[in-house]
Amino acid sequence: MRKFLVVLDDSRECLNAMRFAAMRAAHTGAGVEILSVIPPDEFNHWIGVGEVMREEARERIHAHFEVFAKWMRDKQGVDPELVIREGEAVPEIIAQIKDDPDIGVLVLGAGTDKKGPGPLVTQLSRSAGSLPIPITIVPGDLSKEKLEEIT
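Computed from a prediction, not measured in an experiment: that's the story for all the values here.

So, how was this worked out
- Residues numbered from 1 in each chain as written.
- Predicted model: local features only at pLDDT ≥ 70, side-chain atom pairs only at ≥ 80, totals over all residues.
- Heavy atoms only, no water.
- Helix = DSSP H or I, 4+ residues; strand = E, 2+ residues; numbered from the N terminus.
- Buried < 20%, exposed > 50% of the residue type's maximum accessible area, 1.4 Å probe, protein only.
- Lys, Arg positive; Asp, Glu negative; His and termini not counted.
- Salt bridge = Lys/Arg side-chain N within 4 Å of Asp/Glu carboxyl O.
- Contact = heavy atoms within 4.5 Å.
- Pairing = 2+ DSSP bridges.
- Axes fitted to C-alpha atoms, helices over the stretch in contact; angles between N-to-C directions.
- Core = buried A, V, L, I, M, F, W, Y, C linked by side-chain atoms within 4.5 Å.

Turning next to the side chain of Arg19. Relative to the elements of secondary structure, Arg19 occurs in helix H1 (residues 14-28). Of the side chains with opposite charge, Glu148 lies nearest to the buried Arg19, which makes no salt bridge, at 7.7 Å. The residues contacting Arg19, other than those within four sequence positions of it, are Trp71, Lys144 and Leu147.

Written out as C-alpha cells, the structure reads:
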C-alpha cells in the first residue's frame, strides 16, 4: 500500500500537513506514516541523564502522536503508524524514505511567518530533484474547509 509520510514536530504548520496526509490517504486508499525525529543534541549529557531525556522525548512523541492518530482514525478512517528516529531531521527523513519503499509522497507543512516556510521545507526543497518521491508542501494557513475541498 502506498503511504504518505508526514513529519511530527512542534511546528504549527505540522497540523495542516497531518490533516492533508490523512485526508488524501482516506480518499485514495493509502496509509499514513508519521515520522518524528529526536535531535541528537537533546542527549549530550551524562549517560544516565541522557537516557532519561531520551525516554521522556519518546513519551512526548507518543502522546502527541495519539492525538493525531485518534483524529485520523475517528474522522478519516485512517490508522497511521509511528516511526521514531534519532539524528538530524533532514538526513533521517531521507533515510526513512529510502528504508520504506511503500512511502509514495512526503507531506510537509509550510510556515507562514516572515522567516520563510520553515527549515524542513527549505532544506528538503533544495534536494527535491534527487529524492525518489515527490514532496507536497501544504500552506500552514489553509483552513480545514479549504483542505477538505482540495483533498
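The next subject is the sheet that holds strand S2 (residues 31-38). Adjacent strands of a sheet form backbone hydrogen bonds with each other and so pair up, either parallel or antiparallel. Read across the sheet, five strands follow the order S3-S2-S1-S4-S5 without closing on themselves; strand pairing throughout is parallel. The strands lining the two open edges of the sheet, one partner per strand, are strand S3 (81-86) and strand S5 (135-139). Sheet twist, expressed as the average angle between the axes of neighbouring strands with direction ignored, equals 30 degrees. Across the sheet, helix H4 (residues 119-126) is in contact with strand S1 (3-7), strand S4 (103-110) and S5; its angle to S4 comes to roughly 135 degrees.

Let's shift gears to the side chain of Glu92. Residue position: Glu92 is located in helix H3 (residues 89-99). Classification of Glu92 by relative accessible area gives buried; the value is 16%. Once residues within four sequence positions are removed from consideration, Glu92 is found in contact with Leu35, Val37, Arg85, Glu86 and Gly87.

For the rest of this paragraph, the subject is the environment of Ala17. For Ala17, the location among the structural elements is in helix H1. Take Ala17: its relative accessible area is 2%, and that puts it in the buried class. Taking the C-alpha atoms as reference points, Ala17 and Glu33, separated by 16 residues in sequence, lie 12 Å from one another. Once you skip the residues sitting within four places of it in the chain, Ala17 turns out to touch Val6, Val107, Leu108, Gly109 and Val138.

Below, the discussion takes up the environment of Val7. Counting through the fold element by element, Val7 comes out in strand S1. On a C-alpha basis, the gap between Val7 and Met53 in space is 21 Å, while along the polypeptide they are 46 residues apart. Setting aside chain neighbours within four positions, we find Val7 in contact with Cys14, Met18, Leu35, Ile93, Leu106, Val107, Leu108 and Leu120.

Judged by nonpolar contacts, the single largest core of 27 residues is most densely connected at Val6, Leu8, Met18, Val32, Ile34 and Val107. Of all the elements in the fold, those that place two or more residues in this core are S1, H1, S2, helix H2 (47-76) and S4. The element that contributes the greatest number of residues to this core is H1, accounting for eight residues. Residues Val7, Val83, Val90 and Ile93 belong to the second largest nonpolar core, which totals 15 residues.

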